[in-house]
Amino acid sequence: MQTLKHYSSLVLLLLFLSCNVGPEPINYGSDSCQFCTMTIVDKVHAAEIVTKKGKVYKFDATECMINFIKDFDTTEIQLYLSNNYTEPEVLIDATKATFLISEQIPSPMGAFLSAFKNKSDAEKFQADKGGQLYTWETLLAKFKA
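Residues numbered from 1 in each chain as written. Predicted model: local features only at pLDDT ≥ 70, side-chain atom pairs only at ≥ 80, totals over all residues. Heavy atoms only, no water.

Peer 1: Would you explain helix α2 (residues 62-69) in this entry?
Peer 2: Residue pairs three or four apart in sequence face the same way in an α-helix, which turns once every 3.6 residues. In terms of burial, α2 is largely enclosed, as 7 of its 8 residues are buried. Residues of α2 that are buried make contact with β1 (47-51), β2 (56-59), β3 (77-84), β5 (98-101), β6 (113-116) and α4 (136-142). (Buried < 20%, exposed > 50% of the residue type's maximum accessible area, 1.4 Å probe, protein only. Helix = DSSP H or I, 4+ residues; strand = E, 2+ residues; numbered from the N terminus. Contact = heavy atoms within 4.5 Å.)

So, in structure tokens, the structure goes:
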């Protein structure tokens with residue numbers, strides 16, 4: 001009976017852990033972009049989508065993520081994540097980020113699009129590099145997603 005209790009607890013724990021919806025680390029140099037199939041190498045422009053069921057889609061650039069969702073049921077998406085330009089490999093909530101499109105900051109797919117966790121950081125880079133600032137909503141409108 002004791003073994004059955006332990007087994008039941010283990011099954012419940014595994015069920016709980018398998019239902020955890022969250023981001024996965026990007027394996028730079030080996031993971032491929034879900035949209036364009038390029039290998040993800042740029043540690044300041046990568047992105048991820050996590051569905052409500054926990055499936056993770058990885059992208060080499062935020063613009064690939066936006067192009068991907070044009071043909072995807074977005075009601076299934078739990079998280080939109082982009083790398084924070086000022087902190088390589090750190091994923092941030094893209095829906096709350098400030099984006100800068102500046103031809104002085106190249107991105108993998110040529111959209112010159114970078115995400116910033118803090119608007120003040122984006123404004124500093126804009127003052128130095130030029131370009132236009134966007135919210136998630138205005139960025140989607142620009143890319144007609």
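Structure shown, so let's carry the discussion forward.
Peer 1: Could you clarify how one ought to interpret unusual backbone geometry in this entry?
Peer 2: It is generally the case that most residues other than glycine have a negative phi and that most peptide bonds are trans. Here Thr-37, not a glycine, exhibits a phi torsion of approximately 70°, which is positive. Looking at the secondary structure, you find Thr-37 in the loop between α1 (2-18) and β1. One non-glycine residue, Phe-112, lies in the positive phi region at around 55°. Summarising the element assignment, Phe-112 is placed in the loop between β5 and β6. What makes Phe-112 partly exposed here is its relative accessible area of 26%.

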